[in-house]
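Fold and geometry: a report
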Amino acid sequence: MENEDTKKMQEMKTDLNLLLECLKYQMDNSASQKEALVTIHSICQQNSDAGVYFREIGGLIFVKNLAKSSEHSMVKEAALFTLGSLAEENVYSQQTLCTSDLFEDLVLFVSNDDSSTNLKRMSVYVILVLVSNNRCGQTLVRETGCITVLAELFRTVLSKHDLNLLDNKVFQNYQLWSSVCSALCACVNNPQNDENQIFCCSLFPHANDWLISCLKPEIIRPLCSFIGLTLANNTYVQKYFVSVGGLEVLSQVLVHLESDSYKTVSNAKLAVVVTKTMDACIADNPTFRVILSKYHIVSRLLALLTHESLDLEEKFSIILALGHCTEDCEENQYDLFKNNGLPLMIQALTDSQNEELHKAATFVLHNCRKTSEKVSLSVRDYSFDENKAKQLKDTNAKEKNLEEYWTRAKEILHRIEQLEREENEEKIQRENYENMPFMKKDNTLKHCSTDDTKAEEDKDKNQPGELQGSVSGDVTSKACADDNGVKTLLQSTNPFSGQKMTLRKVSSSRNQSLHEKTTFDKKNFVSKSSDHVFKYPVHVVRKKRQQSPVTGCISVGKPLNSRNFSKLLHACPNQCDRHKVIVDAEDRYKSELRKSFICNKKILLTPRRRRQLTSKSTIPGERKKRRIRKNFTEEEVNYLFHGVKKMGNHWNSILWSFPFQKGRTAVDLAHKYHNLIKHAECAARDG
């Protein structure tokens, strides 16, 4: 194997040396030089070591000089393409080519009117490769004036009035313009370069004109990428973009695309791209979010979120944009309430298992929580003054329904807090039973609801301070902060989904009164009437006779195993439903086992050859017949080695998995395998 790799490496080096010699001695033959450059590119793409070797023998510098000195346009294009591919594959090649001389040569190629469109495109491609993930390249592209030439191409290379991509010439110009957009994106971001961002913000008015005049995906996607990366994490550029009307233009484009999103799937996908760009502008500037309320962007985003063609990543982008829109902006929060945004957020939490999506939805709920508290208080004030309420109702017909929205928000908030308290109680109960080895976590919670009376007495005796302190002090401390907790809480709080809501039973009347008291003490804005309407339906728990605790459900002070646990359950006078099923199943199994032995049926746990039980009795001292020796066939040896390779030294598993001869045992397999290995080692040692 090593000899083959060495041979291939030697052949690769020989080919590269011959191709380099061909480039040097075929200066008058442009076709041969182009073919040699294309072959070098192909070899370096197939083998990463080839690019390193080609740089070591001086091929990279020669191709660079060839691109500058050649008189043939197609040789220059092939040389630039080869340079770009080598720099893209190897960072050392990128650093070798990242010089001011090469950038100046590229500026000449791009700015020269005699250069073909394809040569300009190859030059822009090399610029893109040299500045990608390279701060030195970003600095050189600005100092050599290369970024100025790119900006001029961005403005002039493509015409807004004649954009027929079916025309070959127009399509070539579009490809050049798209490459310029990608190069400008690499100049301003990854790593972020503030100076280049400030320079590129002068192109925003031209980009706005493009967005207004053309809504084709081929134009909007490159423009949104350029705008989003230029805006990212730069407050000055964001303010300039808003000052030239960029945010309003994006809002108008989003409204138009969302209106047509149900006609074509591409418009919905394109609306998500515009949403990401808009989110980059408002993420760090709360003052800009008010502009979006003029166009009712929140309602548009909620409508876009319900589109079936969007994947999880696109929905995450929309919910994150909703979070930034509603953060510290009451207008957008009210818009979210009016358009049933809270149920959609809760549905996103319950339907998806994506962690990032849960965080984004929780972010939106957290933003709206403070506003729902303020609004509930204002609604309460309005309810005391009938004249003001009547005047408000007569003034605007829409405001008449506001109280209904606020009450709905208050209801959801009340449910979230009540479930938070129940979650805290579940954690305390899990701590009490987590050391019980025979019970799983799911069964622990189930048992706590069946044996409620005894559990409450034990908790009151053992941990009175811890339980009461957690209920009274920490009951609402985790307002949607923990993702897993929020997921558990909100899975039961979606009143608008078609799923059944699972409600926990109240463990005792004393806990029920404690929960209600805590709710009224912590949240003063919840009125008595709304609590009566939106309170959880509580099952009435009748007083039961106190029973002795089930022995299998409590800690008995000694370790339990499969032997003493059965005796413990049979000796217990009181059995819960769960342990009664276990006892009944064990009794039925023992009964069937006795019947099988009575009928002279033998239970075999391994696939040994079943011996028929005859009337011959086993006499003590009688000599047993020896088994007939059966040699292992070639197939059985193959089965044995394959089984060991797959399952290791689990002989019973191997015996069950392959069709060995009748009478084979796990011990036979183990002995045979060890003998084969021993013979193989001896043969290797002798040879």
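In this report, the structure presented in the accompanying data block is examined. Bear in mind the structure is a predicted one, so any value in this text is a computation, not a measurement.

Quick look at the overall build of the chain now. Across its full length, the chain holds 36 helices and zero strands. Counting across all 687 residues of the chain, residues that qualify as buried make up 42%. Accessible surface, the chain as shown: approximately 39900 Å² in total, 50% of it carbon and sulfur.

Now for the pattern of salt bridges. Going through the model one piece at a time under the given rule, you end up with nine salt bridges. The partner of Lys 269 in a salt bridge is Glu 314, and the shortest N-O contact between them spans 3.1 Å. Of this pair, Lys 269 sits in helix H17 (residues 265-282) while Glu 314 sits in helix H20 (residues 312-326); the two residues are 45 residues apart in sequence, bridging distant segments of the chain. You can call Glu 314 buried: its relative accessible area is 13%. The partner of Arg 664 in a salt bridge is Glu 636, with the nearest N and O atoms 3.2 Å apart. Here Arg 664 is found in the loop between helix H35 (651-657) and helix H36 (666-686), whereas its partner Glu 636 is found in helix H34 (residues 634-647), with 28 residues between them in sequence. As far as burial versus exposure is concerned, Arg 664 and Glu 636 are alike and both buried.

When you line up the elements, Pro 659 lands in the loop between H35 and H36. For the pair Pro 659 and Glu 636, spaced 23 residues apart in the sequence, the C-alpha separation amounts to 8.0 Å.

So, on to helix H8 (residues 117-131). Between its first and last C-alpha, H8 extends 21 Å over 15 residues, near the 21 Å set by a 1.5 Å rise per residue. Among the residues making up H8, those that are buried are Leu 119, Lys 120, Met 122, Ser 123, Val 124, Val 126, Ile 127, Val 129, Leu 130 and Val 131. Turning to H8, the residues buried within the fold contact helix H5 (73-89), helix H6 (91-97), helix H7 (100-111), helix H9 (135-143), helix H10 (146-156) and helix H11 (168-188). Asn 133 lies just past H8 and shows a positive phi near 55 degrees.

Now for the packing of aromatic side chains. The description of two aromatic rings rests on the distance between their centres and on the angle between their planes. One pass over the structure, following the stated rule, counts 14 aromatic pairs. Geometrically, the ring pair formed by Phe 154 and Trp 177 is stacked, given 5.9 Å between the ring centres and 20 degrees between the ring planes. Remark: Trp 177 occurs in helix H11 and Phe 154 occurs in helix H10; sequence separation between them is 23 residues. Given a relative accessible area of 1%, Phe 154 falls into the buried group. Here the aromatic cluster, defined as three or more aromatic residues joined through ring pairs, consists of Phe 154, Phe 171, Tyr 174, Trp 177, Phe 204, Trp 210, Phe 226, Tyr 240 and Phe 241. Lying across the ring of Phe 62, Lys 24 places its NZ or CZ 5.9 Å from the centre.

All right, on to the packing of helix H16 (residues 246-259) against H17 then. For the pair H16 and H17, the least separation of the axes is 9 Å and the interaxial angle reads 155 degrees. Classified by the angle their axes make, H16 and H17 are roughly antiparallel. Crossing geometry of H16 relative to H17 is assigned as left-handed. Between H16 and H17, the residues in contact are Leu 247, Leu 250, Ser 251, Val 253, Leu 254 and Leu 257 and Asn 267, Leu 270, Ala 271, Val 274, Thr 275, Thr 277, Met 278, Cys 281 and Ile 282, respectively. Taken together, the residues of the contact of H16 with H17 sort by class into 11 nonpolar, four polar and no charged.

This paragraph deals with the packing of helix H13 (residues 204-213) against helix H14 (residues 217-231). Packing of H13 against H14 leaves a shortest axis separation of 10 Å and a crossing angle of 150 degrees. For the element pair H13 / H14, the angle class is roughly antiparallel. Where H13 crosses over H14, the handedness of that crossing is left-handed. Residues Phe 204, Ala 207, Trp 210 and Leu 211 of H13 lie in contact with H14, whose contacting residues are Ile 219, Ile 220, Leu 223, Phe 226, Ile 227, Thr 230 and Leu 231. For the contact of H13 with H14, the per-class residue count stands at 10 nonpolar, one polar and no charged.

Turning our eyes to something else, we now look at the side chain of Ser 251. By the secondary structure assignment, Ser 251 is in helix H16. Among all residues touching Ser 251, those that are not within four sequence positions of it are Met 278, Leu 292, Tyr 295 and Ile 297.

Moving on: H34. Spanning 14 residues, H34 covers 20 Å between terminal C-alpha atoms, matching the ideal 20 Å at 1.5 Å per step. Among the residues of H34, those classed as buried are Glu 636, Val 637, Leu 640, Gly 643 and Val 644. With its buried residues spanning 130 degrees around the axis, H34 presents them on a single face. Exposed and oriented more than 90 degrees from the buried face of H34 are Glu 634, Glu 635, Lys 645 and Lys 646. Buried residues in H34 make contact with H35 and H36. Where H34 terminates, the next one or two residues include Gly 648, which has phi positive at roughly 75 degrees.

Of note, the bond from Asn 190 into Pro 191 is cis; its omega dihedral lies within 30 degrees of zero at 0 degrees. In the Ramachandran plot, Asn 233 falls in the positive-phi region, its phi being about 60 degrees despite a non-glycine side chain. Assignment of secondary structure puts Asn 233 in the loop between H14 and helix H15 (235-243). Taking the relative accessible area as the measure of exposure, Asn 233 reaches 59% and is therefore exposed.

Procedures and definitions
Every chain begins its residue count from 1, and numbering advances along the sequence as written. pLDDT decides what is reported in this predicted model: residues at 70 or higher carry local features, side-chain atom pairs at 80 or more are listed and counted, and totals for whole chains, interfaces and linings draw on all residues regardless. As a rule here, side-chain values cover all heavy atoms of the structure and leave hydrogens and water aside. Secondary structure counts use DSSP, requiring at least four H or I residues in a row for a helix and at least two E residues in a row for a strand, with both numbered from the N terminus. Summary of the burial criterion: residues with accessible area below 20% of their type's maximum are buried, those above 50% are exposed, and those between are partly exposed, where the area comes from a 1.4 Å probe applied to protein chains only. What sets the accessible areas is the Shrake-Rupley method with a 1.4 Å probe; for residues, cover comes only from the shown protein chains. In what follows, salt bridge is the name for a side-chain nitrogen of Lys or Arg lying within 4 Å of a carboxyl oxygen of Asp or Glu. Helix span is expected to be 1.5 Å times the residue number reduced by one. Pairs of residues are marked as contacts when any of their non-hydrogen atoms sit within 4.5 Å. Note on aromatic contacts: the rings of Phe and Tyr and the six-membered ring of Trp form a pair at centre separations within 6.5 Å, being stacked when their planes are under 30 degrees apart, edge-to-face when over 60 apart, and tilted otherwise. Counting as a charge over the ring demands two things of the Lys NZ or Arg CZ atom: a distance within 6 Å of the ring centre and an angle within 35 degrees of the ring normal. Throughout, an axis means a line fitted to C-alpha atoms (over the contacting stretch in the case of helices), and angles, computed between N-to-C directions, take values from 0 to 180 degrees. Should an angle lie under 35 degrees it is considered roughly parallel, over 145 roughly antiparallel, and from 65 to 115 roughly perpendicular; all remaining angles are considered oblique. Note on convention: the crossing is left-handed when the near helix lies turned anticlockwise from the far helix by less than a right angle, right-handed when the turn is clockwise. The nonpolar class holds Ala, Val, Leu, Ile, Met, Phe, Trp, Tyr, Cys and Pro. Asp, Glu, Lys and Arg form the charged class, and all remaining residues, Gly among them, are polar. Note: the arc covers the axis-to-C-beta directions of the helix.

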